[in-house]
Amino acid sequence: MNKRKKILIIAVILLIGVAFFIIRAKYQPNTAMALPTVKAIKGDISSKITALGNVETRQKQEVYSGIQGVVEYIVEEGQQVKKGDVVLKIDDGELKLELEQAQSKVKQQNVELSRLLSGPRPEELKKARIKYQEALTSYEATLDDYEKNQGLFNEGAISENEYINIKRELDVKKNQLAIMEVELSILENPDEHEIALKQAALEEAEKSLANITKKLDKTIILAEFDGIVIKQEIKQGMTVSSGNLLLSIGSPNDLQVDIGVNEYDASNIKVGQKAIITGDGFGDKIYKGEVVKNCTFGFNHTNKQR
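Attention here is on the structure that accompanies the text. Being a predicted model, the structure only gives us computed values, none of them experimental.

### Observations concerning the sheet that holds strand β9 (residues 245–250)
So, step 1. Overall, antiparallel pairing links the four strands, which are arranged β2-β9-β7-β4 in an open sheet. The sheet is open, and its two borders are formed by β2 (60–64) and β4 (80–81), each paired with just one other strand.
So, step 2. Across four bridges, strand β7 (residues 227–232) lies against β9 in antiparallel orientation. The residue of β9 that forms the bridge with Gln 232 is Leu 247.

Okay, structure coming up:
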């Protein structure tokens, strides 16, 4: 009985304590938490879009090899060049020899064609007629000697070997006469077919000369503007093939940065907006630029340095 009284008394005390705290919280005035305050100022609200990009030059010269050969000289990467400076030279020793040979061949073909078209000089024609007459006289004399000795051979007066030697001499004289006759005929009556062949030979020689000249022109490359070598793909002494990219030259006064942004940021970028350009290669330098092109298709944007 006494135990139940003790439990009841403890319960009553707990209820009185809870009621006290509830009444106190209800009637106690509210106190706000103290927060720091700052003075409001008037200004523009701006947002920043950060993106990575590649620095490129708007004015760029890419130098390709026009021929196969050994690099005799090439400018170094980072080297400044002026318009008209030699930036690449391919060894042209063999081409110069080919040029001399081609020039000589063109000259020779011109002379031969001119001779056919204009006819022989009087002294050439006279000399050819004399040679023909001498060959004819020698042949006739050898023919008379052969005919006489043929009768002697038939009579057994001379040996077979002697007769064969005389006949051989007649054959030689006959061939010599035929050659002189052809040469004289060509000089007196130029062959149209031969003229056509000489004309074709001259055209072929001129084409070969032009081709070699073009190759020689490609052995030296000049800078198209004042700039700096931004990339070098080959070194002096190496052999290059036609069509290979050897070096790139850019103008440091007209740079652009191509960046890629997501679709959400792309809609907020407008041409003419200002840009700040920094980079590891710039050190502490900060460059100012502006958006000059907004390519929404690929979400690439170009900042031009100023």
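### Some remarks on the packing of helix α3 (residues 122–155) against helix α4 (residues 160–188)
So, step 1. Interhelical geometry of α3 versus α4 gives an angle of 155° and a closest axis separation of 8 Å. For the element pair α3 / α4, the angle class is roughly antiparallel. For the pair α3 and α4, the sense of crossing is left-handed.
So, step 2. Within the contact of α3 with α4, the residues separate by chemical class into 16 nonpolar, five polar and eleven charged.

### Let's talk about the packing of aromatic side chains
So, step 1. Summed over the entire model, instances satisfying the criterion amount to two aromatic pairs.
So, step 2. Plain terms: the ring middles of Phe 153 and Tyr 163 are 4.5 Å apart, the flat faces sit at 10° to each other, and that makes the pair stacked. With Phe 153 in helix α3 and Tyr 163 in helix α4, this pair connects stretches of sequence that are ten residues apart.

### Re α3
So, step 1. With 34 residues, α3 should reach 50 Å at 1.5 Å per residue; the first-to-last C-alpha distance of 50 Å fits that figure.
So, step 2. Where α3 is concerned, the buried positions are Glu 124, Leu 125, Ala 128, Ala 135, Leu 136, Tyr 139, Thr 142, Tyr 146 and Asn 149.
So, step 3. Among the residues trailing α3, Gly 156 stands out with phi positive, at a value near 85°.

### A few points about the side chain of Lys 173
So, step 1. Within the secondary structure, Lys 173 sits in helix α4.
So, step 2. Apart from residues no more than four positions distant in its own chain, Lys 173 is found in contact with Ser 138, Tyr 139 and Thr 142.

### With respect to the nonpolar core
In globular proteins that are soluble, nonpolar side chains generally tend to be buried together.
So, step 1. Among the nonpolar cores identified, the biggest contains 22 residues, and Val 71, Val 81, Val 87, Leu 88 and Ile 249 are the most heavily contacted of them.
So, step 2. Those elements that place two or more of their residues in this core are β3 (69–74), β5 (86–90), α2 (93–118), α5 (192–217) and β9.
So, step 3. Those residues within four positions of Val 87 in sequence are excluded, and the remaining contacts are Val 63, Tyr 73, Ile 74, Val 75, Val 81, Ile 221, Leu 222, Ala 223, Leu 247 and Ile 249.

### Considerations on the pattern of salt bridges
So, step 1. Taken as a whole and assessed by the stated rule, the structure comprises nine salt bridges.
So, step 2. Between Lys 60 and Glu 62 there is a salt bridge, and its shortest N-O distance comes to 3.9 Å.
So, step 3. Overall, the relative accessible area of 37% leaves Lys 60 in the partly exposed class.
So, step 4. Assessed through its relative accessible area of 39%, Glu 62 is described here as partly exposed.
So, step 5. The closest approach of N and O atoms between Lys 198 and Glu 112, which form a salt bridge, is 2.3 Å. Of the two residues, Lys 198 is situated in helix α5 and Glu 112 in helix α2; the sequence distance between them amounts to 86 residues.
So, step 6. Because the salt bridges share partners, they merge into one network encompassing Glu 72, Lys 89, Asp 92 and Lys 96.

What counts, and where the lines are drawn
- Residues numbered from 1 in each chain as written.
- Predicted model: local features only at pLDDT ≥ 70, side-chain atom pairs only at ≥ 80, totals over all residues.
- Heavy atoms only, no water.
- Pairing = 2+ DSSP bridges.
- Helix = DSSP H or I, 4+ residues; strand = E, 2+ residues; numbered from the N terminus.
- Axes fitted to C-alpha atoms, helices over the stretch in contact; angles between N-to-C directions.
- Parallel < 35°, antiparallel > 145°, perpendicular 65-115°, else oblique.
- Left-handed = near helix turned anticlockwise from the far one by under 90°.
- Nonpolar A, V, L, I, M, F, W, Y, C, P; charged D, E, K, R; others polar.
- Phe/Tyr/Trp six-rings, centres within 6.5 Å; stacked < 30°, edge-to-face > 60°.
- Expected span 1.5 Å × (residues − 1).
- Buried < 20%, exposed > 50% of the residue type's maximum accessible area, 1.4 Å probe, protein only.
- Contact = heavy atoms within 4.5 Å.
- Core = buried A, V, L, I, M, F, W, Y, C linked by side-chain atoms within 4.5 Å.
- Salt bridge = Lys/Arg side-chain N within 4 Å of Asp/Glu carboxyl O.

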